[in-house]
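# Survey of secondary and tertiary structure
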Amino acid sequence: MDPGADTATAVFTDHRELLFGIVYAMLGTVADTEDVLQETWLSWEARSHGDPIEHPRAYLVRVAVNAALARQDAVRRRRETYIGPWLPEPVPTGPAEADGADRAVRAESVSLALMVVLESLTPAERAVFVLADVFGYGHNEIAAMLGRTPAAVRQTAHRARGHVRARRPKYEVDPAVHRQVTERFMAAVSGGDLDALIALMAPDVVLTCDGGGLAPAAGPRPMHGPERIAEFLAGRFYRRGEGLTVGFQPVNGSPSALMVRGGAVVGVLMLDLHGEAVTGVYAVTNPEKLTRLH
C-alpha cells in the first residue's frame, strides 16, 4: 500500500465533515454535495502525488467551494422546472447519527429557514455568506479561495448579510422551547384542534410544502394565514392519518416532526419561531428528499 495514498485519504477524511457542511449549505441537496466532494477528492488525490501541500485544509475548502459554485447553475436550472415550492433536502442532525455528513450539519446548525433565504442570494453572495457567517472564515481567506480582492469580498458579505437580515431577522430560540412548541403543534394537528393550532401561529405565518409532484403538498405556492394553514394541516392529517405515527428528531439543527408509515418516513415538518409564535411551517413530503431520514 502506498503510504502517500494512506496519508491523502486520512487528510481528506479528517476534513470531510467540514467540506460537506460548506457545500451542502451552498447547494441544499445531498446528491450534489456528494458529487462535489467526489470531485474534491479526485483533485486532492491527484495533487497529493506532487509536492506536499502546506495548508491542506485551505486547499480542500478552496477546491470544494469552487466546484460547488460551478455546479450552482445546473442546480438552479433543475429547480426552475421543479413542481411546486422547493425546499432544501432535510438532513438528520440527532446525536445518534453517526456519519460525518450529519455531524457536520449538526455542528453548524444550518436551519431550513436560513437555507430558504440563502436560495435568494446570488451564487457569490451565498458562498461568501456561508464561509464568513456560518463557518467563520475571514475576508482575506475567502478572497484567496474565490480569486477576488478582500475589498470585493467585504462588499459582497455586506450585501449578503443585509439581504439575509431583511428576509430573516435573527431570533434566539431556546431549543427546549422549540421542541415543546413542535410537540404541541403536532398534537393539535393530529387531534384536529383548530383553536389550539391557530393560537400557536403568528398572524403572518407561512406554510411551505415541498412534494415535488411526487407526494401530497399544499399547492403550487406557499400558503398564508393561521386559519387556512390549520384547516389544511388538520384536514390532511385526518384524511391521510391512518397508520401514521409521529416521531421527533432534530433535522438541520432544529427539532422536527417525522411522519412515519410502514416503517418509512413519509414527511417531515419543521417550525420557524419568533419567541413561542410559529412564523413559518416547512413540510417536505417528496420521497426523494426523505431517504436520509429514519
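Below, the structure is looked at part by part. (Residues numbered from 1 in each chain as written. Predicted model: local features only at pLDDT ≥ 70, side-chain atom pairs only at ≥ 80, totals over all residues. Heavy atoms only, no water.)

What follows covers the overall build of the protein. From N to C terminus, the protein includes eleven helices and six strands. Dimensions of the protein, computed from the C-alpha atoms along their principal axes, are close to 65 × 45 × 35 Å. When each of the 294 residues of the protein is scored for burial, the buried share is 48%. The long-range fraction of contacts in the protein, counting pairs at least 24 apart against all pairs at least 6 apart in sequence, stands at 66%. (Helix = DSSP H or I, 4+ residues; strand = E, 2+ residues; numbered from the N terminus. Buried < 20%, exposed > 50% of the residue type's maximum accessible area, 1.4 Å probe, protein only. Contact = heavy atoms within 4.5 Å.)

Attention shifts here to the pairing of strand S1 (residues 201-210). Taken across its ten residues, S1 has seven buried, putting it largely inside the fold. Relative to strand S6 (residues 277-284), S1 is paired through six bridges, and the arrangement is parallel. When the bridges of S6 are listed, Cys209 appears paired with Ala283. As defined by bridge partners, S1 adjoins strand S2 (residues 223-224) across two bridges and the pair is classed as antiparallel. (Pairing = 2+ DSSP bridges.)

Now for unusual backbone geometry. Of note in this structure, Asn252 is not a glycine but carries a positive phi near 50°. With respect to the helices, strands and loops of the structure, Asn252 is situated in the loop between strand S3 (244-251) and strand S4 (254-261).

Moving on to the sheet that holds S6. Through backbone hydrogen bonds, the strands of a sheet pair up, either in parallel or in antiparallel fashion. Here we have six strands laid out as an open sheet, ordered S2-S1-S6-S5-S4-S3, and mixed in their pairing. Of all strands in the sheet, those with a lone pairing partner are S2 and S3, marking the two edges. For strand S5 (residues 264-274) and S6, the ladder comprises seven bridges, and the chain directions are antiparallel. Counterpart to Leu273 in the pairing with S6 is Val278. Against the sheet, helix H9 (residues 175-191) touches S1, S3, S4, S5 and S6, its axis set at about 30° to S4. The sheet strands contacting helix H11 (residues 226-240) are S1, S2, S3 and S4, and the helix crosses S1 at an angle near 45°. (Axes fitted to C-alpha atoms, helices over the stretch in contact; angles between N-to-C directions.)

Turning our eyes to something else, we now look at the pattern of salt bridges. Under the defined criterion, the tally for this structure stands at 13 salt bridges. Ionic pairing is found between Arg71 and Glu39, a salt bridge with its closest N-O pair at 3.0 Å. Remark: Glu39 occurs in helix H2 (residues 30-47) and Arg71 occurs in helix H3 (residues 56-80); sequence separation between them is 32 residues. Residue Arg71 is classed as partly exposed on the basis of its relative accessible area of 21%. Looking at Glu39, the relative accessible area reads 36%, which means it is partly exposed. The salt bridge partner of Glu119 is Arg126, with a shortest N-O separation of 2.7 Å. We classify Glu119 as buried; its relative accessible area is 18%. (Salt bridge = Lys/Arg side-chain N within 4 Å of Asp/Glu carboxyl O.)

As a further point, take the nonpolar core. Among the nonpolar cores identified, the biggest contains 50 residues, and Ile22, Val61 and Tyr137 are the most heavily contacted of them. Counting only elements with at least two residues in this core, the list comes to helix H1 (3-27), H2, H3, helix H5 (112-118), helix H6 (123-134), helix H7 (139-146) and helix H8 (150-167). In terms of residues, this core owes the most to one element, H1, which gives twelve residues. Not counting the four nearest positions on each side in its chain, Val61 is found in contact with Leu18, Leu19, Ile22, Leu131, Tyr137 and Met145. (Core = buried A, V, L, I, M, F, W, Y, C linked by side-chain atoms within 4.5 Å.)

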